[in-house]
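# Descriptive structure summary
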Amino acid sequence: MTAIATLGSHCALQVLKGAKDEGLKTLLVCEKRRQRLYKRFDFIDEIIPVDSFLEVLEPRCARILEKNKAVLIPHGTLIAQMSSEQIESIKTPVFGNKWILRWESDRNLKEKLMRDAKLDVPKSIPNPDKIKRLTIAKRHGAAGGKGYFLTSSKKDYVKKRNQLIKMGLIKGDKDLYLQEYVMGVLAYLQFFYSPLDDNLEFFGVDKRHESDIEGLGRIPAQEQLGIDYISSFNVIGNSPMVLRESLLDDVYAMGERFVEASRRLVKPGMNGPFCIEGVYDQNGKFWTFEFSARIVAGTNIYMEGSPYSALMYDVPMSMGRRIAREVKKAKKQNKLDLITT
Ligand code: AMP
């Protein structure tokens, strides 16, 4: 029997509920301080208490996971709390492609993959001297938008950068990546690619609620001008969205190009869930500023399935459940090697 394991955070509830719905054993590697929350849910069969998620690398944890023949589902917290080297050294089979997670964390590799997939990426600004129009300054890694800011000139950039240094969020210029700001409707496109079926599924789309940039729009311009202020794009939650049907063909095409590019650049390619993140401009053109090469927390809104998964499945299909189904199918066909790394 195969088990599904994940870290207690991000989308653990969705992933383990989905695994239980598919009849699999569920394991949660859980920081002791968070056990109180997760003990509330009966679908979690076993909690492995740890002081730090890094213990997943240690023999004690690895042995329990191995004994249960567990597949580890990576999510945003794994990426935020471990280096690429640590992730790559995980002994437990990781669902999807653990090598591509390095490409998610590194801005340069990330841009290379997006460009190879022929996605339209907003222009990056090589240095603060080149800031000529509205620009977003972003931190590297899975910072979740915290400490990102908008700026339109070098002078303003330097002021805000220095403030972030004072706050201890960054050390200097090299911790920030500058990119042209694209105005429009933000959309986070969720996909699942199955190497077993060689098929791409578009699973859903969500919006993010980011603090406190979202609050800025609620304040009259007069008041905005009066405050000495650095915005932040800290994700607080997500809400559902559907797209104009005429945009869907292009959504699939972007997803397919991404799968093909990742197969060329990071073997074995983009297997499992991923997300292409960006902005629809006034002409309906999608500008991709980011991807996540694993399940995103925005899928949590579709625990009972999404408008798009309903078109493909007759049971409520969350992304977590879809993952478990893939694991079951691979196990039955003796192909676990194809869907894990
Ligand atoms: P990221 O870490 O790249 O996902 O960015 C976090 C947030 O910053 C996004 O959810 C957007 O709200 C915003 N953002 C990032 N890049 C851009 C961009 N080029 N244009 C407009 N908004 C952006």
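For clarity, every value in this text was computed on a predicted model and none was experimentally measured. (Residues numbered from 1 in each chain as written. Predicted model: local features only at pLDDT ≥ 70, side-chain atom pairs only at ≥ 80, totals over all residues. Heavy atoms only, no water.)

To continue, consider the site of the ligand. Residues in contact with the ligand amount to 17 residues; listed here are only the nearest, Lys 138, Tyr 148, Tyr 188, Glu 210 and Glu 290. Val 182 places a polar main-chain atom, nitrogen or oxygen, 2.9 Å from a nitrogen atom of the ligand. Burial of the ligand by the protein chains amounts to 96% of its free accessible area of 470 Å². Its residues placed into classes, the shell around the ligand shows nine nonpolar, one polar and seven charged. (Near = heavy atom within 4 Å. Polar contact = N/O pair within 3.5 Å; in protein donor to acceptor, adjacent residues only side chain to side chain. Areas by Shrake-Rupley, 256 points an atom, 1.4 Å probe, with all protein chains shown as cover. Nonpolar A, V, L, I, M, F, W, Y, C, P; charged D, E, K, R; others polar.)

Turning our attention to the domain arrangement of the protein. Along its sequence, the protein is carved into domain 1 (3–96) and domain 2 (128–180). Its C-alpha centre places domain 1 at a distance of 34 Å from the equivalent point of domain 2. (Domains from an automatic or database assignment.)

A few words on the environment of Asp 120. Here Asp 120 shows up in the loop between helix H7 (107–116) and strand E5 (124–125). Each C-alpha atom, one on Asp 120 and one on Gly 237, is 26 Å from the other, the two residues being 117 residues apart in sequence. Beyond its immediate sequence surroundings of up to four residues, Asp 120 is in contact with Lys 285, Phe 286, Trp 287 and Thr 288. (Helix = DSSP H or I, 4+ residues; strand = E, 2+ residues; numbered from the N terminus. Contact = heavy atoms within 4.5 Å.)

Another point: a negative patch on the surface. A contiguous patch of negative charge on the surface is contributed by Asp 249, Asp 250, Glu 256 and Glu 260. Relative to the assigned elements, Glu 256 resides in helix H11 (residues 248–265). Residue classification places Glu 256 among the partly exposed positions, given a relative accessible area of 40%. (Patch = residues over 30% accessible without salt bridge, like charges linked within 9 Å, V, L, I, M, F, W, Y side chains within 5 Å. Salt bridge = Lys/Arg side-chain N within 4 Å of Asp/Glu carboxyl O. Lys, Arg positive; Asp, Glu negative; His and termini not counted. Charge placed at Lys NZ, Arg CZ, Asp CG, Glu CD. Buried < 20%, exposed > 50% of the residue type's maximum accessible area, 1.4 Å probe, protein only.)

Two descriptors summarise a pair of aromatic rings, namely the distance from one centre to the other and the angle between the planes of the rings. Applying the stated rule across the entire model yields 13 aromatic pairs. When the centroid spacing of 6.4 Å and the interplanar angle of 70° are considered together, the rings of Tyr 188 and Phe 289 count as edge-to-face. On the criterion of sequence distance, the pair formed by Tyr 188 in strand E9 (residues 185–194) and Phe 289 in strand E13 (residues 286–292) is long-range, its members being 101 residues apart. Like Phe 289, Tyr 188 is buried. The ring centre of Trp 99 lies 5.4 Å from the NZ or CZ of Lys 98, which sits over that ring. (Phe/Tyr/Trp six-rings, centres within 6.5 Å; stacked < 30°, edge-to-face > 60°. Lys NZ or Arg CZ within 6 Å of the ring centre and 35° of its normal.)

This part is about the sheet that holds strand E2 (residues 25–31). With parallel pairing, four strands are arranged side by side in an open sheet as E3-E2-E1-E4. Only two strands of the sheet have a single neighbouring strand rather than two, namely strand E3 (46–50) and strand E4 (70–72). Neighbour to neighbour, the strand axes of the sheet diverge by 25° on average, direction disregarded. Relative to E3, E2 is paired through five bridges, and the arrangement is parallel. Bridge assignment links Leu 27 to a residue of E3, and that residue is Glu 46. (Pairing = 2+ DSSP bridges. Axes fitted to C-alpha atoms, helices over the stretch in contact; angles between N-to-C directions.)

Attention shifts here to the packing of helix H1 (residues 12–21) against helix H12 (residues 319–332). Following both chains from N to C, one finds H1 and H12 inclined at 50°, their axes separated by 7 Å at the closest point. One element, H1, and the other, H12, form an angle in the oblique class. Pair H1 / H12 crosses with right-handed handedness. Taking contact as the criterion, the partners of Gln 14, Val 15, Gly 18, Ala 19 and Asp 21 in H1 are, on H12, Met 319, Gly 320, Arg 321 and Ala 324. Residue classes in the contact of H1 with H12 are distributed as four nonpolar, three polar and two charged. (Parallel < 35°, antiparallel > 145°, perpendicular 65-115°, else oblique. Left-handed = near helix turned anticlockwise from the far one by under 90°.)

Here we take up the sheet that holds strand E8 (residues 176–180). Overall, antiparallel pairing links the four strands, which are arranged E5-E8-E6-E7 in an open sheet. Bordering the open sheet on either side are E5 and strand E7 (149–151), each of which pairs with just one other strand. Here strand E6 (residues 135–139) pairs with E8 via five bridges, running antiparallel. Counted as the bridge partner of Thr 135 is Glu 180 from E8. Packing of helix H8 (residues 154–166) onto the sheet brings it into contact with E7 and E8, and relative to E7 it is tilted by some 160°.

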